[in-house]
Amino acid sequence: MARREDPAPPRDSTPDLPPVLAVATALGRGADVAGVRLEGLAGEVDASHGSLVETLWEAPSLERLDLTGTTLADARWTEPRIGALVARDARWRNVEITGGRIGTADFLRAELDGVVLRDLRIDYLGLPAARVGHVRFVGCRFGTLDLPEAHLDRVAFEECRADEVDTRGLRAAHLDLRGLEALSFTDPAALRSATVTARQAESHGPALAAALGIRVLG
């Protein structure tokens, strides 16, 4: 019997998009759309409490995008420029975002399953009390990565950097942090189930010892 890899990696979650998509240039609150390519979105867009399935987002440039309570499934975004993304209580499945920049992204209590963020800059990514599974971050840059009370399962970082990671109350399984260069973790003790490199363990060793009440002398 083959030995299961530990930490187990996220599964492949490539969005399933049809070969032909209709074109849409606007979204509204409670929108229920499927099989569309979104073009020319700008300003502030309220698409909260809707259902967006099989959508291609081409270079959306928005001051604010509200996806509160919205289901986003099989979606691909390319080069987004978004000042504030609000996705509280949202449900994302098989979503891929490549390139671009987001100022703040608020995923309070959201459910993310099969999401890939690649070469994306996010000044503040908040995932408090979120359930995050099978998510991969590749080549991303974070100012603050906020994870209080989040539940992470099979989440991996590759060639990513963060200034600060808030891990208070974090619960995790198969969390691979070997590809995340972080300046600091708010609660290093919450990383007890994560996988790190020997160099990372040495770098954050004093903070981890302090969090566990270990006295280090000499």
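In this text the structure is predicted, and so the values were computed from the model without any measurement.

J.: Please provide a residue-by-residue account of the sheet that holds strand 3 (residues 42–46), values included.
T.: Read across the sheet, eight strands follow the order 3-5-7-9-11-13-15-17 without closing on themselves; strand pairing throughout is parallel. The sheet terminates laterally at strand 3 and strand 17 (180–185), the two strands that pair on one side only. In this sheet, adjacent strand axes meet at a mean angle of 10° when their direction is disregarded. Two strands pair when backbone bridges link them, and strand 11 (residues 121–126) and strand 13 (residues 141–146) are joined in this way by five bridges, in the parallel orientation.

J.: Could you give me a rundown of the sheet that holds strand 8 (residues 91–98), with the residues and numbers involved?
T.: The sheet built from ten strands is open, its strands ordered 1-2-4-6-8-10-12-14-16-18 with parallel pairing. Looking at the sheet topology across the chains shown, the edges are occupied by strand 1 (22–24) and strand 18 (194–195). By the bridge criterion, seven bridges tie strand 4 (residues 51–58) to strand 6 (residues 71–78) in an arrangement that is parallel. Bridging from a neighbouring strand, Glu-58 pairs with Thr-78 of strand 6.

The rules behind each value
- Residues numbered from 1 in each chain as written.
- Predicted model: local features only at pLDDT ≥ 70, side-chain atom pairs only at ≥ 80, totals over all residues.
- Heavy atoms only, no water.
- Pairing = 2+ DSSP bridges.
- Helix = DSSP H or I, 4+ residues; strand = E, 2+ residues; numbered from the N terminus.
- Axes fitted to C-alpha atoms, helices over the stretch in contact; angles between N-to-C directions.

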